[in-house]
Amino acid sequence: AHLVNQIAAGEVIERPASVVKELLENSIDAGSTRIELSLEGGGVELIRISDDGCGMTAEQLPLAVTSHATSKLPDDESLFHVGTLGFRGEALASIASVSQMTIRSRAEGQDGGCQIDIRGGVIETPGPCGCPVGTVIEVRNLFFNTPVRRKFLKTPQTERGHIVEAFTRLALANPKVHFVLRNGDKEMFDLLPTPRWADRIESFFGTEISEALIPIENQDETVQITGYACDPSVSRGNNRMQYLFLNGRHIRDRALQHALGEAYRGMLMVGRHPVCFLRMRMPADMIDVNVHPAKLEVRFTDSGRVYSRLLQTLRQRFLSTDM
Ligand code: ADP
Ligand code: MG
């Protein structure tokens with residue numbers, strides 16, 4: 001069983017940033033209002049997350065690290081219908097199989113908490129512990145028992161960069177949640193909850209970006225697009241600052257990136273890419289999801305429509321803006 005989980009882990013858990021993404025998603029799914037993340041050694045030595053979400057009971061805790069045990073059963077095959085980010089019940093078991101993990105958790109309405117230690121997938125006897133409602137998970141020594149994979153990790157700085165990107169995507173998608181990120185004894189981010197998306201964007205990218213935000217709002221019968229396109233003056237040499245969210249999930253999509261480029265055509269110099277923060281909502285039955293465990297690939301059943309919708313929306317907006 002441990003080997004099976006280790007193999008599964010190879011697909012889901014590539015590097016510390018994959019651990020961070022899964023843990024953050026779980027904390028968000030748990031309804032947390034405050035999530036704190038701490039790193040040591042680029043996340044290879046330690047990833048620690050603490051949240052004030054719904055927590056787990058002593059009975060739930062061992063199940064949570066068991067493969068295919070999920071408390072989030074989707075009502076149909078499309079994960080874009082469900083209100084939670086998790087769906088496979090695989091992540092915690094996979095992470096636990098390739099690390100030394102400690103979980104302390106206390107569910108709402110329980111008098112005390114419960115602790116469990118897992119070493120390379122082997123669960124040690126759970127016991128009671130004192131802790132507030134919510135969950136603390138520590139992941140130490142990632143890939144300690146899979147040396148080949150450990151060898152493929154890059155420098156702590158590079159791994160930390162990937163973690164910050166995963167953190168950025170989830171914190172941008174959830175502006176009403178308070179997020180803290182610490183690296184060693186240095187606090188990198190302390191993001192207060194806000195109803196204004198522009199505030200969250202500013203706390204990551206500063207006033208250079210927030211002052212260039214052009215609000216976008218458009219809705220037809222099926223597709224809703226809200227958020228911001230940026231003034232061409234803050235273009236970039238790559239397309240990494242095009243943040244697209246589909247039904248609350250971060251996505252990267254070649255065709256939509258192309259549509260963004262087209263929308264700015266004539267406004268940017270060759271080789272420059274626009275900066276955008278756009279949230280799209282559409283019915284889940286218009287989205288096909290190729291559920292590769294590690295990356296979420298989406299395909300639109302009517303991709304031409306989504307493409308032209310995005311292009312038109314931005315074009316119309318630019319026409320009505322003096323830029
Ligand atoms: P999934 O998210 O797909 O359900 P995971 O392996 O990520 O699978 O998590 C397994 C289960 O553990 C979740 O379904 C949830 O019940 C529980 N869980 C994990 N993290 C937390 C957390 N931070 N707070 C409360 N419950 C959690
Ligand atoms: Mg999960």
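In what follows, the structure referred to is the one given above.
The present account deals with the structure reproduced in this document. Values in this document were obtained by computation on a predicted structure and should not be read as measured data. (Residues numbered from 1 in each chain as written. Chains lettered and ligands numbered in written order. Predicted model: local features only at pLDDT ≥ 70, side-chain atom pairs only at ≥ 80, totals over all residues.)

Observations concerning the nonpolar core
If you look at the biggest cluster of nonpolar residues, it comprises 71 residues, and the most contacted ones within it are Val19, Val20, Ile95, Phe167 and Cys276. In terms of residue count, the dominant contributor to this core is helix H6 (residues 156–173) (seven residues). Residue-level mapping places this core at the junction of two domains, with at least three residues from each of domain 1 (2–191) and domain 2 (197–319). (Core = buried A, V, L, I, M, F, W, Y, C linked by C-beta atoms within 7 Å. Buried ≥ 20, exposed ≤ 12 C-beta atoms within 10 Å, placed from the backbone. Helix = DSSP H or I, 4+ residues; strand = E, 2+ residues; numbered from the N terminus. Domains from an automatic or database assignment.)

A word on the pairing of strand E7 (residues 178–183)
Two strands pair when backbone bridges link them, and strand E1 (residues 34–40) and E7 are joined in this way by six bridges, in the parallel orientation. Note that in E7 the partner of Leu39 across the bridge is Asn183. Sheet topology note: the E7/strand E8 (residues 186–191) ladder contains five bridges and is antiparallel. Within the sheet, the bridge partner assigned to Leu181 lies in E8 and is Phe189. (Pairing = 2+ DSSP bridges.)

Some remarks on the packing of H6 against helix H7 (residues 197–210)
The interhelical angle for the contact between H6 and H7, taken along N-to-C directions, is 160°, at an axis separation of 9 Å. If you check the angle between H6 and H7, you find them roughly antiparallel. In contact with Thr168, Ala171 and Leu172 of H6, H7 contributes Arg200, Ile201 and Phe204. Taken together, the residues of the contact of H6 with H7 break down into four nonpolar, one polar and one charged. (Axes fitted to C-alpha atoms, helices over the stretch in contact; angles between N-to-C directions. Parallel < 35°, antiparallel > 145°, perpendicular 65-115°, else oblique. Contact = placed C-beta atoms within 7 Å. Nonpolar A, V, L, I, M, F, W, Y, C, P; charged D, E, K, R; others polar.)

Description of the sheet that holds strand E11 (residues 242–246)
Across the sheet, five strands lie side by side as E9-E10-E13-E11-E12; this open sheet has mixed pairing. With one partner strand each, in any of the chains shown, strand E9 (213–219) and strand E12 (249–251) form the two edges of the open sheet. Sheet twist, expressed as the mean angle between neighbouring strand axes with direction ignored, is 20°. Here E9 pairs with strand E10 (residues 224–230) via seven bridges, running antiparallel. Note on E10: the bridge partner recorded for Glu217 is Thr226.

Focus: the sheet that holds strand E4 (residues 113–119)
Pairing within the open sheet is mixed, and its eight strands lie in the order E5-E4-E3-E6-E2-E1-E7-E8. On the outer flanks of this sheet lie strand E5 (122–129) and E8, each paired with one strand and no other. If you compare each strand with its neighbour and ignore which way they point, the axes differ by 10° on average. One ladder, built from six bridges, connects E4 with E5; its direction is antiparallel. Following the sheet pairing, Ile118 is matched in E5 by Ile123. Strand contacts of helix H2 (residues 16–29): E1, strand E2 (46–51) and strand E6 (134–140), with the helix running at about 10° to E2, the strand carrying the most contacts.

Points about the environment of Ser303
Assignment of secondary structure puts Ser303 in helix H9 (residues 303–319). Ser303 gets classed as partly exposed once you count the C-beta atoms within 10 Å, which come to 15.

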